[in-house]
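Here are the chains, one letter per residue:
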There are 2 protein chains.
Amino acid sequence: MNKEITIYDIAKVVGLSPTTVSRALSNHPRVKENTREKILNTAKNMGYQSNIFASSLRKKRSKSIGVIIPKLNSPFQSSVLAGMEEIATQAGYNLIISQSTESLEKEVSNANTMFNSRVDGLLVSKAGTTDNIEHFAPFFKKQIPVLFFDRVPEDNNCTGVVINNTQAIYDATSHLIKEGCKRIVHVLGNLKINVYSDRLKGYKYALLDHGLAFKEENVITNDLGEESGDRIVEKILKLKPRPDGLLVSNDACAASCLMALKKKK
Amino acid sequence: MNKEITIYDIAKVVGLSPTTVSRALSNHPRVKENTREKILNTAKNMGYQSNIFASSLRKKRSKSIGVIIPKLNSPFQSSVLAGMEEIATQAGYNLIISQSTESLEKEVSNANTMFNSRVDGLLVSKAGTTDNIEHFAPFFKKQIPVLFFDRVPEDNNCTGVVINNTQAIYDATSHLIKEGCKRIVHVLGNLKINVYSDRLKGYKYALLDHGLAFKEENVITNDLGEESGDRIVEKILKLKPRPDGLLVSNDACAASCLMALKKKK
DNA sequence: TTGAAAGCGGTACCAG
DNA sequence: CTGGTACCGCTTTCAA
């Protein structure tokens with residue numbers, strides 16, 4: 001059984017104190033260049049591996065950041081994740097990830113796990129049905145930074161990063177209108193989610209600014225899936241007069257709608 | 001400054017030893033039901049949060065699993081990740097993820113980070129260019145389980161999980177042949193990667209079994225991107241006689257090829 | 001069923 | 001620039 005090498009072992013070998021070894025290993029400035037090199041070398045030779053548990057225990061920091069997102073296998077979320085990973089790694093942080101699968105219950109459980117894992121910070125994109133955020137209270141209380149992104153809570157005390165969803169859909173709608181569309185159907189998800197309610201605003205504003213009337217029946221909500229194309233197209237085809245434009249708030253769903261429409265032809 | 005509550009604080013309050021408190025909190029069987037309940041209650045009331053650093057230090061286990069994949073924002077990889085997360089969470093493990101972005105250098109660095117984070121196990125899908133695996137040696141030496149998936153090393157001493165790539169492409173090729181294709185172009189990635197070399201085998205076998213000749217010029221390798229459609233189509237159109245079937249080993253690239261082909265029409 | 005005490009392996013504080 | 005030592009908070013013997 002090969003025992004772990006500790007700084008004490010190194011200290012004995014180089015004839016210095018554990019303190020100095022510790023300092024050398026963490027690049028503390030007040031160690032003679034010579035000494036540090038000797039320590040670093042013997043550490044390498046002895047196959048030393050720093051014990052992050054002991055270090056974290058003492059320093060009370062985990063050097064890890066928690067991430068809670070609705071779905072890992074979402075093109076958007078996973079590309080955001082890729083960016084997070086890059087920056088976190090650069091800064092010497094680990095990323096601990098979990099998904100809520102759009103369930104509040106799981107989000108609560110994930111938040112608890114993250115808290116118990118003592119992450120130094122938390123990045124969250126809410127589950128669709130989450131309308132309270134008291135499961136993050138322990139973080140707030142302990143002053144652990146919580147940053148929401150994309151799907152942010154209504155609560156104004158929370159820090160969040162979002163794109164300008166309203167403007168984006170305003171632009172998209174305006175584009176369709178300029179292309180000659182008069183009856184644009186807008187398909188979006190749960191309006192409890194800021195992402196979709198903001199987009200709906202953009203849609204409405206664009207209609208208004210171009211002198212088109214907003215009609216409730218042209219908005220289809222709460223059904224954004226990779227397989228919901230058929231259902232959506234069904235609804236659209238029932239509308240009279242028939243719509244001449246379609247704006248879908250989700251790539252996969254848009255593709256599904258396209259396929260469904262092709263079938264109908 | 002609110003100090004952390006420890007098992008000692010709880011012990012004092014309930015008038016028992018830290019040992020018993022520890023046992024109660026970790027559901028050790030040899031604690032009287034009464035005692036345990038009392039401890040659990042006061043723990044909750046006092047706002048106790050177990051210190052996972054101390055626990056890990058003592059138990060020498062992190063209850064976390066490392067994951068290294070080429071790209072986080074890949075539909076395939078992220079859906080695998082979703083499955084891993086589900087199971088890991090169920091089992092009380094955290095997932096620490098990182099991406100190599102197809103670079104050996106980063107993969108090495110990620111492996112080191114994971115090792116230093118003392119993950120209890122490691123899940124790896126290799127970067128394309130990785131042809132040695134000595135950066136995982138510390139894991140092997142310390143008997144930390146390393147499981148490769150999808151992109152596995154050649155080394156037979158490694159445990160790996162793969163789909164039957166050969167059979168899959170054999171079936172796909174056979175399908176095209178049955179549809180009447182005689183000159184099928186196969187587009188795939190770096191042949192150093194098992195995924196692609198296995199698929200190439202399947203392609204060859206299928207041609208053989210259906211009495212078609214294999215031609216080197218019908219295989220396009222090393223260019224699988226979301227934007228490589230134009231280049232690939234360029235190559236295809238130069239072939240004489242013109243191919244009548246196309247088999248692309250990657251969804252995004254296949255879509256890109258379709259678009260490029262449409263433009264050419 | 002419960003307890004005392006010795007670690008786990010670093011880091012921080014206070015000296016020198 | 002270097003060292004002694006207490007301590008972070010939990011778990012694990014060994015003992016009762």
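Here is a short report on the structure shown in this document.

Rules of the game
- Residues numbered from 1 in each chain as written.
- Chains lettered and ligands numbered in written order.
- Predicted model: local features only at pLDDT ≥ 70, side-chain atom pairs only at ≥ 80, totals over all residues.
- Heavy atoms only, no water.
- Helix = DSSP H or I, 4+ residues; strand = E, 2+ residues; numbered from the N terminus.
- Rg over C-alpha atoms; globule rule 2.2 N^0.38 Å.
- Buried < 20%, exposed > 50% of the residue type's maximum accessible area, 1.4 Å probe, protein only.
- Contact = heavy atoms within 4.5 Å.
- Phe/Tyr/Trp six-rings, centres within 6.5 Å; stacked < 30°, edge-to-face > 60°.
- Least-squares fit on C-alpha atoms with pLDDT ≥ 70 in both.
- Salt bridge = Lys/Arg side-chain N within 4 Å of Asp/Glu carboxyl O.
- Buried area = accessible area lost by both parts, 1.4 Å probe.
- Polar contact = N/O pair within 3.5 Å; in protein donor to acceptor, adjacent residues only side chain to side chain.
- Nonpolar A, V, L, I, M, F, W, Y, C, P; charged D, E, K, R; others polar.
- Core = buried A, V, L, I, M, F, W, Y, C linked by side-chain atoms within 4.5 Å.
- Near = heavy atom within 4 Å.

### So, the overall build of chain A
- Assigned secondary structure in chain A consists of eleven helices and eight strands.
- At 27 Å, chain A has a C-alpha radius of gyration far larger than the 18 Å of a compact globule built from 265 residues.
- Along the first, second and third principal axes, the C-alpha atoms of chain A reach 90 × 40 × 35 Å.
- Scored against the burial criterion, the 265 residues of chain A give a buried share of 43%.
- Summarising the internal contacts of chain A: among those between residues at least 6 apart in sequence, 67% fall at separations of at least 24.

### Some thoughts on the packing of aromatic side chains
- Inspection of the entire model under this criterion finds six aromatic pairs over all chains.
- Note on Phe-136 of chain A and Phe-148 of chain A: the rings are 5.4 Å apart at their centroids and 85 degrees apart in plane angle, and the pair reads as edge-to-face. Of the two residues, Phe-136 of chain A sits in the loop between strand 3 (121–124) and helix 7 (137–141) while Phe-148 of chain A sits in strand 4 (residues 146–149), which places them twelve residues apart along the sequence. With respect to burial, Phe-136 of chain A and Phe-148 of chain A carry one shared label: buried.
- Pairing Phe-115 of chain B with Phe-139 of chain B gives two aromatic rings, centres 5.3 Å apart and planes at 70 degrees, and the pair type is edge-to-face. Taken as a pair, Phe-115 of chain B in helix 6 (residues 104–116) and Phe-139 of chain B in helix 7 (residues 137–141) lie far apart in primary sequence, 24 residues in all.

### Some thoughts on the relation of the copies chain B and chain A
- Rotating chain B by 180 degrees and moving it 0.0 Å along the rotation axis overlays it on chain A with an RMSD of 0.1 Å. The superposition operator between the copies reduces to a two-fold rotation axis.
- The fraction of interface residues of chain B whose copies in chain A are also interface residues reaches 100%, indicating that both copies meet through the same surface.

### Here we look at unusual backbone geometry
- Omega for the peptide link from Lys-240 of chain A to Pro-241 of chain A comes to -5 degrees, which places this bond in the cis form.
- Relative to the assigned elements, Pro-241 of chain A resides in the loop between helix 10 (229–238) and strand 8 (245–248).
- Even without being glycine, Lys-60 of chain B reaches a positive phi, approximately 60 degrees.
- For Lys-60 of chain B, the position within the fold is in the loop between helix 4 (52–59) and strand 1 (64–69).
- For Lys-60 of chain B, a relative accessible area of 62% puts it in the exposed group.
- One non-glycine residue, Gln-143 of chain B, lies in positive phi territory at about 60 degrees.

### Things to note about the pattern of salt bridges
- One pass over the structure, following the stated rule, counts 14 salt bridges over all chains.
- Residue Glu-4 of chain B pairs with Arg-118 of chain A through a salt bridge whose shortest N-O separation is 3.3 Å. Of this pair, Glu-4 of chain B sits in the segment before helix 1 (7–14) while Arg-118 of chain A sits in the loop between helix 6 (104–116) and strand 3, placing the two residues on different chains.
- Residue class for Glu-4 of chain B comes out partly exposed when judged on its relative accessible area of 30%.
- The buried category is assigned to Arg-118 of chain A, whose relative accessible area is 10%.
- Across the pair Asp-198 of chain A and Lys-201 of chain A runs a salt bridge whose closest N-O atoms are separated by 3.8 Å.

### A word on the interface of chain B and chain A
- With 34 residues of chain B at the interface, the matching set in chain A holds 34 residues.
- Across the interface of chain B and chain A, roughly 3,200 Å² is buried in total on both sides, 56% from carbon and sulfur atoms.
- Looking only at chain B, the three residues that lose the most surface to chain A are Gln-49, Phe-53 and Arg-118 of chain B, adding up to 23% of its buried area.
- Applying the counting rule to chain B against chain A returns 20 residue pairs in polar contact (both at pLDDT 80 or more).
- Taken together, the elements giving at least two residues each to the side of chain B that touches chain A come down to helix 4, helix 5 (75–90), strand 2 (94–99) and helix 6 of chain B.
- The element contributing the most residues to the side of chain B that touches chain A is helix 5 of chain B, with seven residues.
- In terms of residue class, the side of chain B that touches chain A is built from eleven nonpolar, 16 polar and seven charged.

### Considering the nonpolar core
- With 32 residues, the main nonpolar core has Leu-122, Phe-136 and Phe-139 of chain A together with Leu-122, Phe-136 and Phe-139 of chain B as its most contacted residues.
- Put simply, the parts of the chain that give this core at least two residues each are helix 6, strand 3 and strand 4 of chain A together with helix 6, strand 3 (121–124) and strand 4 (146–149) of chain B.
- Filtering out sequence-adjacent residues up to four positions away, Leu-122 of chain B remains in contact with Gly-66, Val-67, Ile-68, Met-114, Phe-136, Phe-139, Pro-145, Val-146 and Leu-147 of chain B.
- In this structure, Val-67 and Leu-81 of chain A together with Ala-88 and Leu-95 of chain B belong to the second largest nonpolar core, which totals 23 residues.

### Observations concerning the protein's contact with DNA strand C
- If you check the shell around DNA strand C, you find 27 residues, and the closest are Ser-22 of chain A together with Ser-17, Thr-20, Arg-30 and Arg-58 of chain B.
- Considering the 4 Å shell around the protein, atoms of DNA strand C inside it are sugar or phosphate in 53% of instances.
- The separation between a phosphate oxygen of DNA strand C and a polar side-chain atom of Thr-35 of chain B is 2.9 Å.
- When residues of the surface near DNA strand C are traced back to their parent elements, those giving at least two are helix 1 (7–14), helix 2 (18–25) and helix 4 (52–59) of chain A together with helix 2 (18–25) and helix 4 of chain B.
- It is helix 4 of chain A that contributes the most residues to the surface near DNA strand C, five residues altogether.

### Examining the protein's contact with DNA strand D
- Around DNA strand D, the surrounding shell holds 27 residues, and the nearest of these are Thr-20 and Arg-23 of chain A together with Ser-22, Tyr-48 and Arg-58 of chain B.
- A share of 60% of the atoms of DNA strand D within 4 Å of the protein falls on sugar and phosphate groups.
- Between a sugar or linking oxygen of DNA strand D and a side-chain N or O atom of Lys-60 of chain A, the distance comes to 3.3 Å.
- Within the side chain of Tyr-48 of chain B, an N or O atom sits 2.5 Å from a phosphate oxygen of DNA strand D.
- Among the elements that line the surface near DNA strand D, the one with the most residues is helix 4 of chain B, at five residues.

### Considerations on the environment of Ile-133 of chain B
All names here are of chain B.
- Looking at the element boundaries, Ile-133 is found in the loop between strand 3 and helix 7.
- With 29 residues separating them in the primary sequence, Ile-133 and Leu-104 have C-alpha atoms 9.8 Å apart.
- Non-local contacts of Ile-133, meaning those with residues more than four positions away in its chain, are made with Phe-140, Pro-153, Asp-155 and Cys-158.

### Overview of the side chain of Gln-77 of chain A
All names here are of chain A.
- Here Gln-77 shows up in helix 5 (residues 75–90).
- Of the residues examined, Gln-77 reaches a relative accessible area of 5% and is grouped as buried.
- Within the local environment of Gln-77, its side chain forms a polar contact with the side chain of Ser-125, the two groups lying 3.4 Å apart.
- Here Gln-77 is in contact with Ile-69, Pro-70, Lys-71, Ser-125, Phe-149 and Asp-150, once residues within four sequence places are set aside.

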